[in-house]
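Inside the fold
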Amino acid sequence: MITNQKLKKSLEEIKNITSFDAILYSAKGKHLTGTVEEPEHSDIFVKEFIVSEEDVREKNGAIAFAVEIDSELEYVLVMLCPYTSENLVIGRMAVCQLRTLVLGESERFDRNNFIQNILLGNMLGSDIINRAKKLHIENRKRVVYVIDTGKNSNEIAVELVKNLADIRSGDFVVAMDEHNAVLVKDVEDIDPGKLQEKLASIAGSLVDNLLAEAMIKVRVGYGNPTDILPKIAESYQEARMALEVGRLFYVEKEIMAYDRLGIGRLIYQLPMSLCEMFIHEVFGNEVPQILDDEEAMSTISKFFENNLNISETARQLYVHRNTLVYRLERIEKAIGLDIRTFDDAMIFKIATMVLAHIKDSRQGR
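Computed from a predicted structure; not experimentally measured.

1. As for the overall build of the protein chain
The secondary structure content of the protein chain amounts to 13 helices and 10 strands. Taking 21 Å as the expected radius of gyration for a compact globule of 365 residues, we find that the protein chain reaches 30 Å, considerably beyond that expectation. With the C-alpha coordinates of the protein chain rotated into their principal frame, the extents come out at 95 × 45 × 40 Å. Taking as baseline every contact in the protein chain between residues at least 6 positions apart, the subset at least 24 positions apart corresponds to 59%. For the protein chain, the exposed surface amounts to about 20500 Å²; the carbon and sulfur share of it is 49%. Treating the 44 positive side-chain charges of the protein chain as one cloud and the 58 negative ones as another, the clouds have centres 3 Å apart.

This is the structure:
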């Protein structure tokens, strides 16, 4: 629940204040961490102390203290210092610091675990309400961001997201699987008139910071805001869909908002039977091979980017206008559509998106 790294940092803080080295053991006597190497035979001393069920015990210039959580032994703290009344007080204060750290981490884990279960749809509405009251989590306007780290592990990403400047106590950061992290962002205090702009800004901050701090290139999708806790699961599903639609149809985009998916959302939700029927209507029995021609598809993409403007497209491709016209005529002959006209260009654009959807579906994603 709490890492040895955090425990060691706490022990180092204790040493900085008291000048005494400290070593921490588990409730079963296993050495966990410390500010100094474990002294010889200290494990025997600790196991004897655990069996004794005492709160404090001294031996050979070391004092063992029981660190209890909810009346159960959780750790044994060994302070390397003389047995004096003053040092007993110091040791008990150190125990209090460790107990506070463990309880704080435990509460944070419980809260994050609660949010994770909501996102996964593992809780009923009534259970969510009751559990939220116990954990002191209020209904506030929240938005779910899904951070896809690709082939990278999400462990580093989760820690970096937690440390971002605009991550507040009301936000939650959880790891959903090996390559996906989720930020449940509290947006209650954002001006409604600037909300959409701010949501995009937060997504951009996630992308930029992860790239700058850890050289991790991520894609971020986010859903619509929701005012009640049970519905953050809907925002999560929307964010996941945004990422999926972006992966299929807008590969060049790093940020995808559910309410900005456009025609991609419609195509993604079409059944395969309708998709295949549409492709047959457009191309007949065989999909034109020119769709696999890199030069042809690059030309079409640039032509669409320039709103079917031949002169501007030719300039950006560094070719003569007549050369581009020839290429477009060759493409028209191959696909049976004159993409120089708006209607055919629209049909072709939709057809390529539908083909991408069919291919992805056949690959079982």
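2. Overview of the sheet that holds strand 6 (residues 142-148)
Strand order in the open sheet formed by 5 strands is 7-8-6-9-10, and the pairing between neighbours is mixed. Only two strands of the sheet have a single neighbouring strand rather than two, namely strand 7 (172-177) and strand 10 (255-257). Adjacent strand axes in the sheet meet at a mean angle of 20 degrees, parallel and antiparallel pairs treated alike. Across the sheet, helix 5 (residues 154-162) lies against strand 6, strand 7 and strand 8 (180-186), angled at about 170 degrees from strand 7, the strand it touches most.

3. Remarks on the state of the cysteines
Scanning the model with the defined rule gives 0 disulfides in all. Of all cysteine sulfurs, the one in Cys 81 lies closest to Cys 96, which takes part in no disulfide; the gap is 15 Å.

4. Topic: the layout of surface pockets
Put simply, the largest pocket is a space of about 1100 Å³. If you go around the largest pocket, you meet 32 residues; those closest to its centre are Met 297, Lys 349, Thr 352, Met 353 and Ala 356. With 11 residues, the top contributor of residues to the lining of the largest pocket is helix 13 (residues 342-362). When the residues that make up the lining of the largest pocket are grouped by side-chain class, the tally is 18 nonpolar, 6 polar and 8 charged.

5. Section: the sheet that holds strand 4 (residues 62-69)
Across a sheet, strands are paired by hydrogen bonds formed along the backbone, either parallel or antiparallel in direction. Taken in spatial order, the 5 strands line up as 2-1-5-4-3 in an open sheet, and their pairing is antiparallel. Two strands lie at the open edges of the sheet, namely strand 2 (31-34) and strand 3 (56-59), each paired on one side alone. Neighbour-to-neighbour, the strand axes of the sheet open up by a mean angle of 25 degrees, direction not taken into account. Note: strand 4 against strand 5 (residues 72-80), 7 bridges, orientation antiparallel.

6. Structural notes on the packing of aromatic side chains
Evaluated as defined, the whole model comprises 4 aromatic pairs. Where Tyr 145 meets Tyr 222, the ring centres are 5.1 Å apart and the plane angle is 35 degrees; that geometry is what we call tilted. One end of the pair, Tyr 145, is in strand 6; the other, Tyr 222, is in strand 9 (residues 219-222), with 77 residues separating them in the sequence. On the basis of relative accessibility, which here comes to 0%, the residue Tyr 145 falls in the buried class. Look at Phe 304 and Phe 348: their rings are 6.3 Å apart centre to centre, the planes differ by 65 degrees, and that puts the pair in the edge-to-face class. Of this pair, Phe 304 sits in helix 10 (residues 294-305) while Phe 348 sits in helix 13, and the two are 44 residues apart along the sequence. One aromatic cluster is present, built from ring pairs that chain together Phe 303, Phe 304 and Phe 348. Note that Lys 253 overlies the ring of Tyr 250, its terminal NZ or CZ placed 5.1 Å from the centroid. Seen from the ring of Tyr 258, Arg 265 lies directly overhead, with NZ or CZ sitting 4.4 Å from the centre.

7. Overview of the pairing of strand 8
Of all 7 residues in strand 8, 7 are buried; the element is thus mostly enclosed. Alternating positions in strand 8 separate into two faces, Asn 180, Val 182, Val 184 and Asp 186 on one and Ala 181, Leu 183 and Lys 185 on the other, with burial throughout. With 7 bridges joining them, strand 6 and strand 8 adopt antiparallel strand pairing. Across the sheet, the residue bridging to Val 146 is Val 182, located in strand 8. One ladder, built from 5 bridges, connects strand 7 with strand 8; its direction is antiparallel. Looking across to strand 8, one finds that Ala 175 is bridged to Ala 181. Hairpin remark: strand 7 followed by strand 8, antiparallel, with 2 residues in the connecting loop.

8. Brief notes about the side chain of Ser 26
Checked against the element boundaries, Ser 26 lands in strand 1 (residues 21-26). For Ser 26, a relative accessible area of 16% puts it in the buried group.

9. As for the nonpolar core
Counting residues in each nonpolar core, the largest one holds 36 residues, and the members touching the most others are Phe 283, Ile 331, Ile 335, Ile 339 and Phe 348. Of all the elements in the fold, those that place two or more residues in this core are helix 7 (232-249), helix 9 (272-283), helix 10, helix 11 (310-317), helix 12 (321-335) and helix 13. With 7 residues, the single largest contributor to this core is helix 13. Non-local contacts of Ile 335, meaning those with residues more than four positions away in its chain, are made with Phe 283, Pro 288, Ile 290, Leu 291 and Phe 348.

10. Points about a negative patch on the surface
Taken together, Asp 55, Glu 68, Asp 70, Glu 72 and Glu 74 make up a surface patch of like negative charges. Structurally, Glu 68 is set in strand 4. By relative accessible area, Glu 68 is classed as partly exposed at 32%.

Rules used in this analysis
- Residues numbered from 1 in each chain as written.
- Predicted model: local features only at pLDDT ≥ 70, side-chain atom pairs only at ≥ 80, totals over all residues.
- Heavy atoms only, no water.
- Helix = DSSP H or I, 4+ residues; strand = E, 2+ residues; numbered from the N terminus.
- Rg over C-alpha atoms; globule rule 2.2 N^0.38 Å.
- Contact = heavy atoms within 4.5 Å.
- Areas by Shrake-Rupley, 256 points an atom, 1.4 Å probe, with all protein chains shown as cover.
- Lys, Arg positive; Asp, Glu negative; His and termini not counted.
- Charge placed at Lys NZ, Arg CZ, Asp CG, Glu CD.
- Pairing = 2+ DSSP bridges.
- Axes fitted to C-alpha atoms, helices over the stretch in contact; angles between N-to-C directions.
- Disulfide = S-S within 2.5 Å.
- 1 Å grid on protein atoms, 1.4 Å probe; cavity = no way out; pocket = protein on both sides within 12 Å on 5 of 7 lines; lining within 4 Å.
- Points joined across faces, edges and corners; volume = space filled by probe spheres on them.
- Nonpolar A, V, L, I, M, F, W, Y, C, P; charged D, E, K, R; others polar.
- Phe/Tyr/Trp six-rings, centres within 6.5 Å; stacked < 30°, edge-to-face > 60°.
- Buried < 20%, exposed > 50% of the residue type's maximum accessible area, 1.4 Å probe, protein only.
- Lys NZ or Arg CZ within 6 Å of the ring centre and 35° of its normal.
- Core = buried A, V, L, I, M, F, W, Y, C linked by side-chain atoms within 4.5 Å.
- Patch = residues over 30% accessible without salt bridge, like charges linked within 9 Å, V, L, I, M, F, W, Y side chains within 5 Å.
- Salt bridge = Lys/Arg side-chain N within 4 Å of Asp/Glu carboxyl O.

These figures capture arrangement, not role.
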